[in-house]
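Observations on chain architecture
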Amino acid sequence: MITGSEALMLSLKEQGVTTIFGYPGGSIMPTYDAIYDYTRGEKKAFEHILVRHEQAAAHAAEGYARVSGKVGVCIVTSGPGVTNTLTGLADAMMDSTPIIVIAGQVATNVLGTDAFQEVDLVGVAQPISKWAYQIRRAEDVAWAVSRAFYIAKSGRPGPVVLDFTKNAQTAMIDYKPAKVDFIRSYVPYPELKMDKVKAAAELINNSKKPMALVGQGVELGNAQEELKKFLEKADIPAGRTLLGLSALPSNHPLNMGMLGMHGSYSVNLKEQEADVLIAIGMRFSDRVTGDLSRYAKQAKIIHLDIDPSEIDKCVKTDVSIVADCKVSLPALTELVNKADHSEWKESFQPLRKQEIEKVITPATKPTSGPLLMGEVAHDVAKMAYSMEDKIGAPILVTDVGQNQMMSCRYFKYHVPRSIATSGGLGTMGYGLPAAMGATYGAPGRTVCCFMGDGGLQMVIQEFGTIMENDIPVKMILLNNNYLGNVRQWQDMFFHKKQSFTPMCNPEFGKIAEAYGIPHLRVEKREDLQPAIEKMLTTKGAFFLEVIIKPDMNVEPMTAPGKAVDEMQLNVEY
């Protein structure tokens, strides 16, 4: 006979969990009593990472899940403890990240009485999770945990919430493991329909200007090799979404660049010229499509996605293949003809050349003036990959804003699951805790976390988590003393009225020093390369602050409300 709390420990162990991110509190104390035993001694099964804020626990679980392909787990208390995780929960829902938030709850006999730190978690969490369930009996723990993991990781992944009442944590039960691999009316893997595959293959075989739009679904389905075989046989150039950047290696000859508002010039313009667009595991975000009324009206649309709710949600499709892309891509590859689209691929080059001359070279290889975000990202990526045999394949984690767009544009991706960033929700404060989680999800790789001064100060307390656990994350602060992305939009669309975007910042190096984190501050170009080398070769955590040009813009850009082929190479006010 064991308690419900220990049953939770055994159930998590059954699921292969090895890392838990969390923060204790009143309503989850019985579970933390069990965690104590299961993180040390003969029973040791987990490593528990004590974060400094519950939001960081959710983001750390996200970072862990993104790079490992496993389910991230965080455990917090009731009331404000779990409401602090809601941002991470919504972020995971938008970006299809499999995490499980386990929260304490008051005892069942006082539910609904506004007891201390009671909140209707199931009611709050249902719209931003795949499943939210309240465990009221210890006998239900094993079943609920197994079901939670099955839902979180199957089909289109996503977050799950377990609301664990205090009496269920303390009650005694005769524990029996449970296995849930079927839920009536839940169909995570739709059956592939070959008539749809044949219709898609016919469109592709008859196309002169096909183009693939590669999303994170390829990574989630572990279909990176299947994607390459499909693209190479049909000779189809591809653009990648922000979350799908590492689904296709940066140096692959069919990789034409990043889609979206700040993506590659050639990719955005050529979307409006392609006669067939093949969307693979992506959701046609507004940041990709621009003005929907003018998006790709000339093209036949083929959409491959595991989630039927994404079909025709934003863009009307001509053929939809609803299935796991691990299954649908090989079936499609079998039916498409071996093709040669050399002339079509070559037509991208003049546009790429324009972007290189007007945007990329000025952003990454300046010879004078202040340091630029692009050159920092470019130089970090270049040196990290040159040291790959020593530090492992680097992983990019970003916060949100200009730092995100510039680092994503200029980093390089050679192996799958090499990026973790907040796409759909755009969560400032995501970067640092997600990077912490990523180091546990991919312990043999070096995690490079790019942040702005705004986002860092939302989670700067996590320096304490890094210090206590000796987390080897490489932190790159691009400091311009601005909320840079908002400032850019204010300059472009609000007559340069910089309303509360300039920031008065502390001496970040002193804060890092207080937490025992090695650090360097770089203001001069000649000091950048040695500082990057020092960061990458230092064992453990490192904080690199780079003072960058305060008023630089992310370019190119498709302004809101514009069509994707109205992208500006250089931002105009």
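Shown above is the structure to which this text applies.
In this report, the structure presented in the accompanying data block is examined. (Residues numbered from 1 in each chain as written. Predicted model: local features only at pLDDT ≥ 70, side-chain atom pairs only at ≥ 80, totals over all residues. Heavy atoms only, no water.)

**Section: the pattern of salt bridges**
Keep this limit in mind: Within this document, salt bridges are pairs made up of a side-chain nitrogen of Lys or Arg and a carboxyl oxygen of Asp or Glu, the two lying within 4 Å of each other. Only protein chains enter the accessibility calculation, which uses a 1.4 Å probe; a residue is then buried when its area is under 20% of its type maximum, exposed when over 50%, and partly exposed in between.
Tallied over the entire structure, the rule returns 23 salt bridges. Linking R294 and D291 is a salt bridge whose minimum nitrogen-to-oxygen distance equals 2.8 Å. Looking at R294, the relative accessible area reads 35%, which means it is partly exposed. Among the ionic pairs, R521 bridges to E523, the shortest N-O distance being 3.1 Å. Salt bridges linked by common partners bring R156, D307, E310 and K313 together as one network.

**Re the pairing of strand β12 (residues 276–280)**
One face of the sheet, then the other: side chains in a regular strand alternate in exactly this way. Just so we agree on the cut-off: Under the scheme used here, helices are H or I runs from DSSP no shorter than 4 residues and strands are E runs no shorter than 2 residues, and both carry numbers assigned from the N terminus. When DSSP finds at least two bridges between two strands, those strands are taken to pair.
The element β12 is largely enclosed, with a buried count of five among its five residues. A two-sided burial pattern is seen for β12, the buried positions comprising V276, I278 and I280 on one face and L277 and A279 on the other. Relative to β12, strand β9 (residues 210–214) is paired through five bridges, and the arrangement is parallel. When the sheet's bridge partners are listed, L213 is paired in β12 with A279. Bridging between β12 and strand β13 (residues 300–305) involves five bridges; their strand directions are parallel. Bridge pairing in β13 places L277 opposite I301.

**A look at the pairing of β13**
For β13, the buried fraction is high: five of the six residues fall into the buried class. As judged from the four bridges shared by β13 and strand β14 (residues 319–322), these two strands associate in the parallel manner. Directly across from H303, in β14, lies its bridge partner S320.

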